[in-house]
Amino acid sequence: MPENETATNVRTGEQVSTEVPTADEAYVAALLSEREGYARYSNADRLADVDAELKRLGVTVPGGRETAAESKPRRTARSK
């Protein structure tokens, strides 16, 4: 769960409360971003490594178990 951090707005003097992710949440977000890149560029070995780390952390991969081959963008013919 994110932690709340309070700060004072220098310009207005207003107290502002901001949610700051915990270290674990930031790590999971980074892994999911890394996973997206590996899936996009069909790097199945690294994708499996990231999936294993996410599983170890108890995170379910969004959209089920997608492999790099399944997520590879398809090319279509262009018309002139």
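Everything discussed here concerns the structure shown above.
Let us look at the structure shown here. Every chain is numbered independently, its residues counted from 1 as its sequence is written. Two thresholds apply to this predicted model, a pLDDT of at least 70 for residue-level local features and 80 or more for giving and counting side-chain atom pairs, whereas whole-chain, interface and lining totals are computed over all residues. Excluding hydrogens and water, the side-chain values take into account all heavy atoms of the structure.

By convention in these notes, a salt bridge is any Lys or Arg side-chain nitrogen within 4 Å of a carboxyl oxygen on Asp or Glu. Tallying each qualifying case throughout the model produces 3 salt bridges. Notably, a salt bridge pairs Asp51 with Arg35, separated by 2.5 Å at the nearest N-O pair. Residue Asp51 is found in helix H2 (residues 44–56), and its partner Arg35 is found in helix H1 (residues 23–40); the two are separated by 16 residues along the sequence. For the pair Asp51 and Arg35, a shared accessibility class is recorded, and that class is buried. Per the convention used, a helix needs a DSSP run of H or I reaching at least four residues, while a strand needs a run of E reaching at least two, with both numbered from the N terminus. Accessibility here uses a 1.4 Å probe with only protein chains present; expressed as a share of the type maximum, an area under 20% marks a residue as buried, one over 50% as exposed, and anything in between as partly exposed.

Compared with the 18 Å implied by 1.5 Å per residue over 13 residues, the 18 Å span of H2 between its first and last C-alpha is a close match. Taken residue by residue, H2 has Leu47, Val50, Asp51, Glu53 and Leu54 as its buried positions. The buried residues of H2 all sit within an arc of 160 degrees when viewed along its axis, so they share a single face. Those residues of H2 that are exposed and aimed more than 90 degrees away from the buried face are Asp45, Lys55 and Arg56. Looking one or two residues past H2, Gly58 carries a phi angle of roughly 80 degrees, positive in sign. Each residue after the first adds 1.5 Å to the expected span of a helix. This arc is built from the directions going out from the helix axis to the C-beta atoms.

Attention shifts here to the pairing of strand S1 (residues 3–8). When you tally the buried positions in S1, you get 0 out of 6 residues, a small fraction of the element. Strand pairing follows a simple DSSP-based rule, namely that at least 2 bridges must link the two strands. When S1 meets strand S2 (residues 15–20), the two strands line up antiparallel, connected through 6 bridges. Within the sheet, the bridge partner assigned to Asn4 lies in S2 and is Glu19. Between S1 and S2, which pair antiparallel and follow one another directly, the connecting turn spans 6 residues, one of which, Gly13, has a positive phi of 80 degrees.

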